[in-house]
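Chain residues, written in single-letter form:
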Amino acid sequence: MTSDAHPALPAPTDEVVELCRDLLRIDTTNTGDNFTSAGERRAAEYVAEKLAEVGIEPVIHESAPGRANVVARIPGTEPSRGALLVHGHLDVVPADPDEWSVHPFSGELRDGYLWGRGAIDMKDFDAMVLAVVRHWQRTGVRPPRDIVLAFTADEEAGSEYGAHFLATRHRELFDGCTEGIGEVGGFSYTVDESRRLYLIETAQKGIDWLRLHARGRPGHGSMVHEDNAVTALAEAVARIGAHRFPVVVTDTVRAFLEEVAEVLDIELDPEDPETAIAKLGPIANIIGATIRNTANPTRLAAGYKDNVIPGRASATIDCRSLPGQSELLERQLRELVGPDIAIEYIQRQPALETTFDGDLVAAMSAALRAEDPGARPVPYMLSGGTDAKAFSQLGIRCFGFAPLRLPADLNFSALFHGIDERVPVDGLQFGVRVLDRFLRTC
Ligand SMILES: [Zn+2]
């Protein structure tokens, strides 16, 4: 920690490991069904207790039985400045113990890593935040700005019972919040011994989930039949699945690619960013999805008997749109599927994009450089969506900044929702130090 060492108190860099392990041991699997969400409530109570223990007053807001969110405000010394929102979700996606090297809810410490579902998505950050603010409370540190802490439910199923609930039903909790930080950003990408990029999320794609509906004439499977809903649907789905939408390089992606091209010393052809992206290794999966709209078929439904031609068939398509492109994507899809297939939106949330400048970005960059002299902060666009979508509806300028220094050989992006999710302990401790500096100086 920075200047105030108190030998009698637990060091936040030690406590973060304990807090993260405890959180990993609470199974907060979000299946999408409310009746299975008891873990979220337990995790929320754990967080509330850890805050209350040091004199912070948390409030638990339940959106439905078990769907618990924790919010608290830490008053700053300069209340006239806008407040900073620090948010993290407590739920996780399911994990099948049979596929894992350790039990996914054991919080095991092994080979320098803490293992468990949620270790990087995102109980690591939840634990860092708790470790930092607990340390402050114990040592009398007050941040310059008000800090609003929000630990949310339901991020992994669209945030309806979490961030969207808070932002629409309890917006007063966020009064004065001008900026916010949360997942997925601030992690390192190793260039070489002396240089690491830290990807700070300044943009994220929009969510455009839709269902295609085909209708036809029902009939007997043995007869000549020209109007088959399954055939019509399958053709439309195949066209979407095989389609590549045009490349559009936004300001965020351009800034990222220019920086990457410079540090990796590769030629960047603005007409063909894919060649440069292909050289990035594992994170090419994320970055490659941020230069175009995407549409991936994910579900099919039709029929009820082997020899009956059904009158209808439907498919779900997970589409993600670049900032400002949602309407264009809708027109592109309409053209692809043709006039006979109906399109129904089941989820539509706008893309976000902010600039990589200003005092907050300077404070993030300075905190990273102070703890890692080889740090090169860069903006990037996330291909997925986070709770930031809900909070940005309140006019909050949101960033993905959950600092984490990673070993060069760790395939970080594969760990999200992946098997053997784990976080390096020294990376977690690095994150605490960066977060502490950042929150004191932003
Ligand atoms: Zn997450």
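Structure: see above.
Residues numbered from 1 in each chain as written. Predicted model: local features only at pLDDT ≥ 70, side-chain atom pairs only at ≥ 80, totals over all residues. Heavy atoms only, no water.

(A) Representation of the nonpolar core within the structure. Leu51, Leu199, Phe256 and Phe438 are the most contacted members of the largest nonpolar core, which totals 96 residues. Examining the composition of this core, we find that 9 residues originate from one element, helix H3 (residues 123–139), more than from any other. Each residue touching Leu199, except ones within four places of it in the same chain, is listed here: Gly185, Gly186, Phe187, Tyr189, Phe256, Ile283, Ile287, Val378 and Tyr380. Counting 19 residues, the second largest nonpolar core, distinct from the first, contains Leu233, Val237, Leu333 and Leu336. (Core = buried A, V, L, I, M, F, W, Y, C linked by side-chain atoms within 4.5 Å. Buried < 20%, exposed > 50% of the residue type's maximum accessible area, 1.4 Å probe, protein only. Helix = DSSP H or I, 4+ residues; strand = E, 2+ residues; numbered from the N terminus. Contact = heavy atoms within 4.5 Å.)

(B) Main features of unusual backbone geometry. Omega for the bond connecting Asp121 with Met122 falls within 30 degrees of zero, at -10°, which places this linkage in the cis form. Mapped onto the elements of the fold, Met122 is located in the loop between strand E5 (113–115) and H3. Across the junction of Glu183 and Val184, the peptide omega takes the value -25°, indicating a cis bond. With respect to the helices and strands, the residue Val184 is situated in the loop between strand E7 (177–182) and strand E8 (187–192). Not every positive phi belongs to a glycine, and Asp111 is a case in point at roughly 55°. With a relative accessible area of 63%, Asp111 lands in the exposed category. The backbone of Asp420 shows a phi angle near 60°, a positive value even though the residue is not glycine. Of note, Asp420 is situated in the loop between helix H12 (412–415) and strand E19 (422–424).

(C) Representation of the coordination of the zinc ion. Protein coordination at the zinc ion comes from His89 (NE2), Asp121 (OD), Glu183 (OE) and Glu183 (OE), with a distance range of 1.8 to 2.7 Å. Coordination at the zinc ion is irregular, judged from the 4 donor atoms that bind it and the angles of 52 to 152° they form at the metal. Mapped onto the sequence, the residues coordinating the zinc ion show the spacing H-x31-D-x61-E. Here Asp121 lies in the loop between E5 and H3 and His89 lies in strand E3 (residues 83–89), a separation of 32 residues in the sequence. Per residue, the accessibility class of His89 equals that of Asp121, and both read buried. (Donors = N, O, S within 2.8 Å, 3.2 Å for Na, K, Ca; no water. Tetrahedral: all angles 85-135°; square planar, octahedral: opposite > 155°, others 65-115°.)

(D) Region of the structure containing empty space enclosed by the protein. One pass over the structure, following the stated rule, counts 1 cavity of 30 Å³ or more. Of the voids in this model, the largest cavity is the one considered here, and its volume is about 90 Å³. Residue lining of the largest cavity: Ile120, Met122, Asp124, Phe125, Glu183, Val184, Gly185, Phe187, Ala402, Leu404, Phe412 and Phe416, and that is the complete set. (1 Å grid on protein atoms, 1.4 Å probe; cavity = no way out; pocket = protein on both sides within 12 Å on 5 of 7 lines; lining within 4 Å. Points joined across faces, edges and corners; volume = space filled by probe spheres on them.)

(E) Main features of the pairing of strand E2 (residues 67–74). Counting buried positions along E2 yields 7 of 8 residues, so the element is predominantly enclosed. Linking strand E1 (residues 59–64) to E2, which pair antiparallel, is a turn of 2 residues; within it Gly66 sits at a positive phi near 90°. Relative to strand E6 (residues 147–152), E2 runs antiparallel, the two being bridged by 5 bridges. In the strand pairing of E6, Val71 is matched with Ala150. (Pairing = 2+ DSSP bridges.)

(F) Layout of the environment of Thr231. Topologically, Thr231 is positioned in helix H5 (residues 229–242). For Thr231 and His213, which are 18 residues apart along the polypeptide, the C-alpha to C-alpha distance reads 12 Å.

(G) Geometry of the layout of surface pockets. The calculated volume of the largest pocket comes to roughly 830 Å³. Every residue lining the largest pocket is counted, 32 residues in all, and those nearest its centre are Arg320, Ser383, Gly384, Gly385 and His417. For the lining of the largest pocket, the elements supplying multiple residues, two or more each, are strand E10 (206–215), helix H8 (284–287), strand E12 (294–302), strand E14 (312–321), strand E15 (342–349) and helix H11 (388–392). Split by residue class, the lining of the largest pocket holds 9 nonpolar, 14 polar and 9 charged. The space that makes up the second largest pocket amounts to roughly 230 Å³. Ala157, Trp209, Arg211, Thr298, Arg299, Thr316, Asp318, Ile346 and Gln347 together form the lining of the second largest pocket. (Nonpolar A, V, L, I, M, F, W, Y, C, P; charged D, E, K, R; others polar.)

(H) Representation of the sheet that holds E19 in the model. An order of E4-E5-E19 is seen for the 3 strands of this open sheet, with the pairing classed as antiparallel. Whereas interior strands pair on both sides, the edge strands pair on one side only; in this sheet they are strand E4 (109–110) and E19. Alignment of E5 against E19, held across 3 bridges, turns out to be antiparallel. Paired with Trp115 across the bridge in E19 is Arg422. On top of the sheet, helix H13 (residues 425–441) reaches E4, E5 and E19; it is set at about 65° to E19, its chief contact. (Axes fitted to C-alpha atoms, helices over the stretch in contact; angles between N-to-C directions.)

(I) Structural context of the sheet that holds E15. The sheet built from 4 strands is open, its strands ordered E12-E14-E10-E15 with antiparallel pairing. Only two strands of the sheet have a single neighbouring strand rather than two, namely E12 and E15. Here the average twist between neighbouring strands, direction ignored, is 20°. Sheet topology note: the E10/E15 ladder contains 7 bridges and is antiparallel. Within E15, the position partnered with Asp208 by the bridge is Arg348. Against the sheet, helix H9 (residues 326–337) contacts E10, E12, E14 and E15, and its axis sits at roughly 155° relative to E15.

(J) Seen up close, the packing of helix H1 (residues 12–25) against helix H2 (residues 38–52). For the pair H1 and H2, interaxial distance at closest approach is 10 Å and the crossing angle is 155°. Here H1 lies roughly antiparallel to H2, going by the angle between them. Crossing angle aside, the handedness with which H1 passes H2 is right-handed. Contacts from Glu18, Leu19, Asp22 and Leu23 of H1 reach H2 at Tyr46, Val47 and Lys50. A class-by-class count of the residues in the contact of H1 with H2 yields 4 nonpolar, no polar and 3 charged. (Parallel < 35°, antiparallel > 145°, perpendicular 65-115°, else oblique. Left-handed = near helix turned anticlockwise from the far one by under 90°.)

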